[in-house]
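# Reading the structure
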Amino acid sequence: MIADERRSIIWWGWVGDHLDDIWQRTVEHVQLTIIAMLVGCVISFALALLAVRVRWTYRPITRVASILYTIPSIALFALLIPFTGLGILTAEIALVSYTILILVGNTVAGLDAVPESVKEAADGMGYTRWRRLLTVEIPLALPTIIAGIRVAAVTVIGLVTIAALIGIGGYGALINDGLHRNFPTPIVIGATLSICLALLVDGGLAIAQRLLTPWRRGQ
Amino acid sequence: MNVIRGTIEFLTTGSNWTGEHGILARGWAHIWISFVAVMISASAAIPAAVWLAHKRLAPTLSVAMVNLGRAIPSFAIIALVFPLSIRYGFGLGFWPTCVALVALGIPPMFTNAYAGVVETQQNIVEAASGIGMTGTQVLRKVELPAAVPLMMTGVRVSGVQIVATATLGALVGYECLGTYIVAGLARGPTGRPEVLAGALLVAALALTVDLFLDRLERTLTPWRRRLR
């Protein structure tokens, strides 16, 4: 009887007994994602501003970012282990590096799309460069920037599962556990919750974008 | 940095490259499973996408595909397919990995092929119908050629993802370049040079495939050269 339940696709009894564990994994997964997104946003926005101000830096920045993006995640984790060890730092460096291409690309595209006439109007009203950037250009670029944040967040949530292979928690730890014991239930739970989290965050950011850009709602 | 010295030694030892478990054999296995997965995903995704797009059916499916494709972790697919594959007699290694790679490869190919056909300029389609082409002729002679560039983009995006993810096949017993990483990690600190060597090989292969597919895309769609 127990053997049959172990082999079934999902064994609810196990889920009931391990709710604490599942919650713990959820907290870890969310923490890893939030850290990666915050650091990724800070680095990417700085690079995007540099690329907009000093135009020739745009190509080298995206070139390096796209090489980082192409390196498979498990390989990037493995490449970092000799230097940063098995730990959160290794996972975060790899996760952050995947956000940069998407975030820089969208931020630069958003800022570039601000009409010249709008910028001139701001200059005409005596705005300084920084005030123009913060109160005119960034708000107008916000929909494109948030679209980038959505893609990056969904990507990071999926990649965090792979961090389990270097011993970091999150839903990947559940998947890894099930894989090693040939026991499908934790795999199904880990995969389903990871997908749900990704869709939830994607939806949440879409709503945030609508709330932050009320002037676009009529369109 | 003993690890780096160890890695260089690992990569420059001839016997590590040859033989049944050598770098060349594993690299070939890595490329082979990726190739099979790309072929299966392309033959499943592209005809379906082209037909649905020609009929202007299921536009939301195409958008949902991208989101879902991004949200589903490939590690989870491999892990999920693994117990099923053993239960239904497909065994370890090749098939669980290949199924996961196909699942991963389908969304970008589908979405790009769909967009390619749907975004064919409406006036061109109308002109084609106007000169008396049937629906099938419009599809074959107008919409398909117009969709080729985006289809190739889909194949490139999928292909790079598939090669990258084939690495994870090592977790379910498929011997490929990922095996160096997985086996090395399992051996603890003494396995570090092997891990680093495997990572370098996988990274080099992924970047090479990206470059190769980018060239292929340009060669097959010469009329797009001016637009880049």
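In this text, all values refer to a predicted model and were calculated from it rather than measured experimentally. (Residues numbered from 1 in each chain as written. Chains lettered and ligands numbered in written order. Predicted model: local features only at pLDDT ≥ 70, side-chain atom pairs only at ≥ 80, totals over all residues.)

The helix and strand inventory of chain A stands at ten helices and zero strands. Overall size of chain A, expressed as C-alpha extent along the three principal axes, is 80 × 45 × 20 Å. Out of the 219 residues belonging to chain A, those deemed buried represent 42%. Of all intrachain contacts in chain A linking residues separated by at least 6 positions in sequence, the fraction that spans at least 24 positions is 72%. (Helix = DSSP H or I, 4+ residues; strand = E, 2+ residues; numbered from the N terminus. Buried ≥ 20, exposed ≤ 12 C-beta atoms within 10 Å, placed from the backbone. Contact = placed C-beta atoms within 7 Å.)

Broken down by element type, chain B carries nine helices and zero strands. Listed by position from the N terminus, the elements making up chain B come as α-α-α-α-α-α-α-α-α. Each principal axis of the C-alpha distribution contributes one length, and for chain B these read about 70 × 45 × 30 Å. Counting only residues that meet the buried cut, chain B has 46% of its 228 residues in that class. Expressed as a percentage of contacts within chain B between residues at least 6 apart in sequence, the contacts between residues at least 24 apart total 73%.

Of the residues in chain A, 98% have a pLDDT of 70 or more, and the chain-wide mean is 91. Looking across chain A, the model is least confident in helix 1 (residues 2–7) of chain A, with a mean pLDDT of 68, and most confident in helix 3 (residues 19–53) of chain A, with 95. (pLDDT = per-residue confidence, 0-100.)

All names here are of chain A. Position of Cys41 relative to the elements: it lies in helix 3. Residue Cys41 is classed as buried on the basis of its C-beta count, with 20 C-beta atoms lying within 10 Å. Residues Cys41 and Gly126 lie 85 residues apart in sequence; the distance between their C-alpha atoms is 29 Å.

Let us now look at unusual backbone geometry. Its identity is not glycine, yet Asn182 of chain A carries a phi of approximately 50°, on the positive side. Within the element layout of this structure, Asn182 of chain A appears in the loop between helix 9 (171–181) and helix 10 (184–212). The backbone of Arg56 of chain B shows a phi angle near 55°, a positive value even though the residue is not glycine. Checked against the element boundaries, Arg56 of chain B lands in the loop between helix 2 (23–54) and helix 3 (59–71). By C-beta crowding, Arg56 of chain B is classed as exposed, having 9 other C-beta atoms within 10 Å.

Let us look at the interface of chain A and chain B. The interface of chain A with chain B comprises 30 residues on the first partner and 29 residues on the second. Only helix 4 (58–70), helix 5 (73–84), helix 8 (129–163), helix 9 and helix 10 of chain A provide two or more residues apiece to the side of chain A that touches chain B. Residues of the side of chain A that touches chain B, tallied by class, amount to 20 nonpolar, nine polar and one charged. (Nonpolar A, V, L, I, M, F, W, Y, C, P; charged D, E, K, R; others polar.)

Moving on: helix 5 of chain A. Helix length check: helix 5 of chain A (twelve residues) gives 16 Å between terminal C-alpha atoms against 16 Å at 1.5 Å per residue, within 8%. Where helix 5 of chain A is buried, its residues touch helix 6 (88–112) and helix 8 of chain A together with helix 1 (2–12), helix 8 (178–186) and helix 9 (192–220) of chain B. Just past helix 5 of chain A, the residue Gly85 of chain A takes up positive phi, approximately 75°. (Expected span 1.5 Å × (residues − 1).)

What follows is about the packing of helix 9 of chain A against helix 10 of chain A. All names here are of chain A. Where helix 9 contacts helix 10, the two axes come as close as 7 Å, and the packing angle between them is 155°. Relative to helix 10, the element helix 9 is oriented roughly antiparallel. Relative to helix 10, the crossing made by helix 9 is left-handed. Contacts between helix 9 and helix 10 pair Tyr171, Gly172, Leu174, Ile175, Asp177, Gly178 and Leu179 from the former with Pro184, Thr185, Pro186, Ile187, Ile189, Gly190, Ala191, Leu193 and Ser194 from the latter. For the contact of helix 9 with helix 10, the class distribution of residues is ten nonpolar, five polar and one charged. (Axes fitted to C-alpha atoms, helices over the stretch in contact; angles between N-to-C directions. Parallel < 35°, antiparallel > 145°, perpendicular 65-115°, else oblique. Left-handed = near helix turned anticlockwise from the far one by under 90°.)

All names here are of chain B. Summing up the model confidence of chain B, the mean pLDDT is 87 and the portion of residues at 70 or higher is 97%. Per-element mean pLDDT across chain B ranges from 78 in helix 3 up to 94 in helix 2. On the interface metric, ipTM, the complex scores 0.81, and its pTM is 0.86.

Membership of the largest hydrophobic core comes to 125 residues, with the highest contact counts inside it found for Phe77 of chain A together with Ala113 of chain B. Here this core takes 15 residues from helix 5 (residues 94–118) of chain B, the largest share from any one element. In this view, Ala113 of chain B contacts Ala45, Ile46, Ala49, Val50, Ala147, Leu150, Met151 and Gly154 of chain B; residues no more than four positions away in its chain are not counted. (Core = buried A, V, L, I, M, F, W, Y, C linked by C-beta atoms within 7 Å.)

A few words on the environment of Ile67 of chain A. Along the chain, Ile67 of chain A falls in helix 4. C-alpha of Ile67 of chain A to C-alpha of Ala141 of chain A: the two residues are 74 residues apart in sequence and 26 Å apart in space.

Attention shifts here to the environment of Val151 of chain A. Position of Val151 of chain A among the secondary structure elements: in helix 8. On a C-alpha basis, the gap between Val151 of chain A and Thr57 of chain A in space is 24 Å, while along the polypeptide they are 94 residues apart.

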